[in-house]
Amino acid sequence: MKNEIVVSGIRSTGNLHLGNYFGAMQNYVKMQGHYECYFFVADYHSLTTHPDAKELKNNVYKVLAENIACGLDPEKVTLYAQSDIPEIPELYLMLNMLAYKGELEKTASFKEKARAQPDNINAGLLTYPTLMSADILIHKGKYVPVGKDQEQHLEMARNFAQRFNYRYGETFPEPIAFNFGTSLVKIQSLDGQGKMSKSENENATIYLNDSDELILKKIKKAKTDQGPTQPNSPMPDYIENLFLLMKLVSHEDKYLKYLNDYNQCNIRYGDMKNDLGNDMVQFIKPIREKTIELKQDETYIKSVLKIGQEKARTNASKTIQEARKKWV
Ligand code: ADP
Ligand code: TRP
């Protein structure tokens with residue numbers, strides 16, 4: 001096993017979907033056993049957009065069960081809740097002194113969320129990237145498996161690490177976004193309107209807990225068009241997304257057949273969606289069933305969180321002591 005450190009988190013704001021799976025979870029599973037991995041539920045981050053704390057604990061259990069159902073082994077990786085590690089908010093405080101209002105305001109995710117919730121543009125939302133940097137730097141994380149939407153946050157984490165090192169002495173590595181393929185993954189919403197996301201259009205998002213019927217229905221309704229009229233035409237992004245999904249869950253022969261049909265201008269999207277729907281059902285079914293089983297065993301989930309908390313705090317407290325010494 002390499003002793004390089006991997007850190008990543010998922011917010012507990014709803015049910016996990018295909019974007020979370022292919023952007024993040026799939027890489028987590030591939031990395032476990034090869035690196036020292038810290039994976040957590042970012043429950044504090046959830047409060048920036050979902051201020052109602054009532055559902056929070058439940059959602060933490062749910063995300064954790066989904067993480068394990070997707071193939072994460074609590075014996076091989078450290079799984080925990082962000083709010084169980086008080087060293088994270090302490091480092092967050094230190095990093096906030098190194099982050100400038102201007103750069104925080106320019107962050108794409110801040111602008112997007114401020115537009116979406118004009119009555120709640122809180123300081124937590126503005127400093128979202130410093131909290132995320134603290135999550136990573138507290139473990140001296142080097143690789144961060146995330147989807148494409150997180151690239152800018154990672155760039156900021158590198159800046160904050162660099163500034164800390166420059167001012168107070170070498171302490172943190174500069175973390176990078178990681179994906180096993182050639183580039184970071186982005187799964188689009190099935191309606192062709194932006195990225196697939198937990199709280200946007202639910203009918204255009206495939207969740208890991210969707211029933212077979214619902215998966216088939218959503219894929220049937222996915223946006224398509226009349227098909228290309230010129231051979232080898234470039235694909236509109238909503239069609240490219242269907243091909244990407246097919247590449248991810250179907251047999252390669254099927255994918256190549258439809259790609260060829262597209263390039264020859266005789267593609268039948270109805271058939272393609274039928275095939276994709278059936279393959280998606282086969283892909284999601286075992287994850288959904290395993291999650292239901294795990295969620296029923298709350299004692300087990302709590303014990304995983306407890307062990308994770310201990311392991312994560314042991315490592316985090318070393319880092320925070322080192323940072324404190326340099327800082328005060
Ligand atoms: P959401 O945006 O749905 O609330 P999170 O912000 O919790 O999801 O994201 C958790 C992980 O899933 C991150 O690594 C993020 O990059 C990845 N992710 C989320 N949506 C997508 C998507 N549509 N395509 C690829 N990766 C995604
Ligand atoms: N910001 C990430 C997202 O919305 C979630 C997250 C919080 C995260 N802290 C992190 C991801 C640390 C990687 C590392 O998807």
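Residues numbered from 1 in each chain as written. Chains lettered and ligands numbered in written order. Predicted model: local features only at pLDDT ≥ 70, side-chain atom pairs only at ≥ 80, totals over all residues. Heavy atoms only, no water.

A word on the pairing of strand β1 (residues 5-11)
With 5 of its 7 residues buried, β1 lies for the most part within the structure. Examined bridge by bridge, β1 and strand β2 (residues 36-42) share 7 bridges and lie parallel to one another. Residue pairing for β2: R11 is matched across the bridge by A42. Handedness of the crossover joining β1 and β2 through helix α1 (residues 18-31): right-handed. (Buried < 20%, exposed > 50% of the residue type's maximum accessible area, 1.4 Å probe, protein only. Helix = DSSP H or I, 4+ residues; strand = E, 2+ residues; numbered from the N terminus. Pairing = 2+ DSSP bridges. Right-handed = clockwise from strand over helix to strand, strands pointing away.)

Focus on the domain arrangement of the chain
What the domain assignment lists for the chain is domain 1 (5-185 + 298-327) and domain 2 (209-291). Placing the centre of domain 1 and that of domain 2 at their C-alpha centroids yields a distance of 32 Å. Interface of domain 1 and domain 2: buried area, both sides summed, is about 860 Å²; carbon and sulfur atoms make up 79% of it. Between the two partners, domain 1 and domain 2, sit 0 salt bridges. Here domain 1 is connected to domain 2 by 1 residue pair in polar contact (both at pLDDT 80 or more). (Domains from an automatic or database assignment. Buried area = accessible area lost by both parts, 1.4 Å probe. Salt bridge = Lys/Arg side-chain N within 4 Å of Asp/Glu carboxyl O. Polar contact = N/O pair within 3.5 Å; in protein donor to acceptor, adjacent residues only side chain to side chain.)

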